[in-house]
Amino acid sequence: SFNFLYMQTMYETGKRRPPNPNKQLLQQFEQEILAVNSSLPVFIAGKSMGGRIASQICASTELGPKLSFTPNVDVTAKLRGCIALGYPFMPPGKPEKFTDRTQHFKALTVPLLINQGERDTFGSLLSLSSDEHKNVLNSKMVDLLWLPSGDHSFKPLKSSGISLDDNIDTAVMNTLDFINKQIN
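Residues numbered from 1 in each chain as written. Predicted model: local features only at pLDDT ≥ 70, side-chain atom pairs only at ≥ 80, totals over all residues. Heavy atoms only, no water.

Asks: Hey, could you run me through the pattern of salt bridges in this one?
Replies: Between side chains of opposite charge, a pair can form as their charged atoms come close. What the rule picks out here adds up to 1 salt bridge. Asp143 is paired through a salt bridge with Lys181; the nearest N and O atoms lie 4.0 Å apart. Of this pair, Asp143 sits in strand E4 (residues 142–147) while Lys181 sits in helix H8 (residues 164–183); the two residues are 38 residues apart in sequence, bridging distant segments of the chain. (Salt bridge = Lys/Arg side-chain N within 4 Å of Asp/Glu carboxyl O. Helix = DSSP H or I, 4+ residues; strand = E, 2+ residues; numbered from the N terminus.)

As structure tokens, this is what we get:
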């Protein structure tokens, strides 16, 4: 587990900071993966932007120039899967960003699980229902699972009768099932 450098700085200073450039985020994540010295299968995960960066690392080198980053072969060879918790498909009010944020899905080298709240403002069940979205998300490499009434943090509406703990438990079970499927 780690935080990107800009997040570490925010925690230390208490001041909001913009994220580092995408290339720096990819390089930092890659260094964390290279530091893993294990013969066990490696799965990477991230929340929101961290899940987006993790999924980019799992894309083949053919997209390297588009990402301004070419994944390290030693890193991608270690990986068995990727988990995104609340994927930022598009910023609220900017549906045109969907393609940029998912273009690399077609070049994934390992399966991607996305645990997503049904009411997530970065991609809800309703906002991701067009044919364009379905064409991208119905890939054999992408498994999108919905958390009932959840927002970007998986918090449901009180009226749903579901608790945040229920949605977190569901995301954990989804993740365990996904990992077991990849290693068995």
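Asks: In this structure, what is going on with the nonpolar core? I would like to understand it.
Replies: Generally speaking, soluble globular proteins have nonpolar side chains that are buried together. Of all hydrophobic cores here, the largest spans 32 residues; its most connected members are Phe29, Ile44, Leu79, Phe89, Phe105, Leu112 and Ile114. Elements with a minimum of two residues in this core: helix H1 (5–13), helix H2 (22–34), strand E1 (42–47), helix H3 (49–57), strand E2 (79–85), strand E3 (112–117) and E4. If we skip the residues at most four places from it in the chain, Phe105 touches Ser55, Tyr87, Phe89, Leu112, Ile114, Val136, Leu137 and Val142. (Core = buried A, V, L, I, M, F, W, Y, C linked by side-chain atoms within 4.5 Å. Buried < 20%, exposed > 50% of the residue type's maximum accessible area, 1.4 Å probe, protein only. Contact = heavy atoms within 4.5 Å.)

Asks: Looking at this structure, I do not really get the sheet that holds E2. What am I missing?
Replies: Note: strands within a sheet are paired through backbone hydrogen bonds, in either parallel or antiparallel orientation. Strand order across the open sheet formed by 4 strands is E1-E2-E3-E4, with parallel pairing between neighbours. Both outer strands of the open sheet, E1 and E4, are each paired with one neighbouring strand and no more. Between one strand axis and the next, the sheet turns by 15 degrees as a mean value, whatever way the strands run. With 4 bridges joining them, E2 and E3 adopt parallel strand pairing. Across the sheet, the residue bridging to Ile83 is Leu113, located in E3. (Pairing = 2+ DSSP bridges. Axes fitted to C-alpha atoms, helices over the stretch in contact; angles between N-to-C directions.)

Asks: Looking at this structure, I do not really get the pairing of E3. What am I missing?
Replies: Side-chain direction in a regular strand flips from residue to residue, so the side chains alternate between the two faces of the sheet. Counting buried residues in E3 gives 6 out of 6 residues, a clear majority hidden from the surface. Along E3, one buried face is formed by Leu112, Ile114 and Gln116 and the opposite face, lined by Leu113, Asn115 and Gly117, is buried too. Handedness of the E3-helix H7 (residues 131–137)-E4 crossover: right-handed. (Right-handed = clockwise from strand over helix to strand, strands pointing away.)

Asks: Even after reading the chapter, I still don't get unusual backbone geometry, so can you show me in this structure?
Replies: With glycine set apart, most residues show a phi of negative sign, and most peptide bonds adopt trans. Phi is positive for Ser48, which is not a glycine, with a value near 55 degrees. Of note in this structure, Ser149 is not a glycine but carries a positive phi near 60 degrees. Considering the arrangement of structural elements, one finds Ser149 in the loop between E4 and H8. The exposure class assigned to Ser149 is buried, which follows from its relative accessible area of 10%.

Asks: Quick question: what am I supposed to make of H1 here?
Replies: Counting along an α-helix, one turn takes 3.6 residues, and residues three or four places apart therefore face a common direction. Among all positions of H1, only Tyr6, Met7 and Met10 are buried. The buried residues of H1 occupy one face: seen down the axis, they fall within an arc of 100 degrees. Of the residues in H1, the exposed ones pointing more than 90 degrees away from the buried face are Tyr11 and Glu12. Close packing links the buried residues of H1 with H2 and H3. (Arc of directions from axis to C-beta.)

Asks: Sorry if this is basic, but what is going on with the environment of His152 here?
Replies: With respect to the helices and strands, the residue His152 is situated in the loop between E4 and H8. For His152, a relative accessible area of 15% translates into the label buried. Sequence spacing of His152 and Pro92 is 60 residues, and the spatial spacing of their C-alpha atoms is 11 Å. His152 has contacts with Lys47, Ser48, Gly86, Tyr87, Asp120 and Phe122, leaving out every residue within four places of it along the chain. At 2.6 Å, the side chain of His152 and the side chain of Asp120 are in polar contact. (Polar contact = N/O pair within 3.5 Å; in protein donor to acceptor, adjacent residues only side chain to side chain.)

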